[in-house]
Amino acid sequence: MNNPLISPGLGTMVWMLVSFGILVFILAKFGWPMILKSLKKRETAIADSLNEAAKAREEMATLVAHNEELLRQAKIERDEMLRAARNVCEQMKEDARNEAKEEAARIVDAARESINYEKLKAVHELKNQVANLSIEIAEKLIRAELSDKAKADTLIAKELELMKLN
């Protein structure tokens with residue numbers, strides 16, 4: 001079994017070693033630096049991408065925290081605004097209630113004054129009517145009394161005596 005592929009000759013072996021050495025030398029001189037350079041570039045790009053991803057994650061976490069803080073502050077402001085609006089509403093209701101009470105009191109006082117005025121006016125008119133009726137009655141009585149001369153003289157004398165006494 002003298003198969004040249006299984007048991008190569010010494011010359012073939014030497015030429016294979018020389019060509020392998022030349023190949024290794026060419027690859028070492030020209031190929032490996034380029035391959036190592038591109039691997040280094042790729043490694044740097046991957047590391048940069050990882051760093052950027054970590055930074056982006058941190059920024060996202062910061063933004064999420066900031067957004068949560070803004071949301072919390074917005075809720076607090078909303079609650080304060082609602083509370084202030086409720087207070088203003090209650091104050092307006094209370095003011096309206098007080099104004100209504102004051103207005104009702106003014107109306108009642110005005111009505112009482114009007115009633116008192118009308119009452120005094122009615123009493124005054126009644127007194128005037130009574131006085132007028134009394135004068136008319138007295139006038140009729142005096143005419144009736146004075147129609148007789150003797151009675152008239154007696155009445156005049158009597159009144160003059162009463163006047164002198166007072």
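Basis of the calculations
- Residues numbered from 1 in each chain as written.
- Predicted model: local features only at pLDDT ≥ 70, side-chain atom pairs only at ≥ 80, totals over all residues.
- Heavy atoms only, no water.
- Helix = DSSP H or I, 4+ residues; strand = E, 2+ residues; numbered from the N terminus.
- Rg over C-alpha atoms; globule rule 2.2 N^0.38 Å.
- Buried < 20%, exposed > 50% of the residue type's maximum accessible area, 1.4 Å probe, protein only.
- Areas by Shrake-Rupley, 256 points an atom, 1.4 Å probe, with all protein chains shown as cover.
- Lys, Arg positive; Asp, Glu negative; His and termini not counted.
- Charge placed at Lys NZ, Arg CZ, Asp CG, Glu CD.
- Patch = residues over 30% accessible without salt bridge, like charges linked within 9 Å, V, L, I, M, F, W, Y side chains within 5 Å.
- Salt bridge = Lys/Arg side-chain N within 4 Å of Asp/Glu carboxyl O.

## Structural notes on the overall build of the protein
Then step 1. Secondary structure summary: the protein contains two helices and zero strands in total.
Then step 2. Taking 166 residues into account, the globule formula puts the C-alpha radius of gyration at 15 Å, and the protein, at 65 Å, lies well above it.
Then step 3. With respect to the three principal axes, the spread of C-alpha positions in the protein is 200 × 35 × 20 Å.
Then step 4. Here the protein, with 166 residues, has 1% of them falling under the buried criterion.
Then step 5. In the structure as shown, the protein presents an accessible area of about 15,600 Å², 65% of it carried by carbon and sulfur atoms.
Then step 6. Looking at charge distribution, the protein has the averaged site of its 26 positive side-chain charges lying 9 Å from that of its 27 negative ones.

## Quick look at a nonpolar patch on the surface
Then step 1. On the surface, Leu10, Val14, Trp15, Val18, Ile22, Phe25, Ile26 and Phe30 cluster together to form a nonpolar patch covering roughly 900 Å² of accessible area.
Then step 2. With respect to the secondary-structure elements, leucine 10 resides in helix α1 (residues 10–146).

## Section: the pattern of salt bridges
Then step 1. Enumeration over the complete set of coordinates arrives at six salt bridges.
Then step 2. A salt bridge links glutamate 69 to arginine 72, with the nearest nitrogen and oxygen atoms 2.4 Å apart. Placement of both glutamate 69 and arginine 72 in helix α1 is noted, with a separation of three residues, approximately one turn of the helix.
Then step 3. Residues arginine 78 and aspartate 79 are paired through a salt bridge, measuring 3.1 Å at the closest nitrogen-oxygen approach.
Then step 4. Taking the relative accessible area as the measure of exposure, aspartate 79 reaches 33% and is therefore partly exposed.

## Comments concerning the environment of valine 88
Then step 1. Considering the arrangement of structural elements, one finds valine 88 in helix α1.
Then step 2. Of the residues examined, valine 88 reaches a relative accessible area of 46% and is grouped as partly exposed.
Then step 3. Sequence separation between valine 88 and lysine 140 is 52 residues; the distance between their C-alpha atoms is 76 Å.

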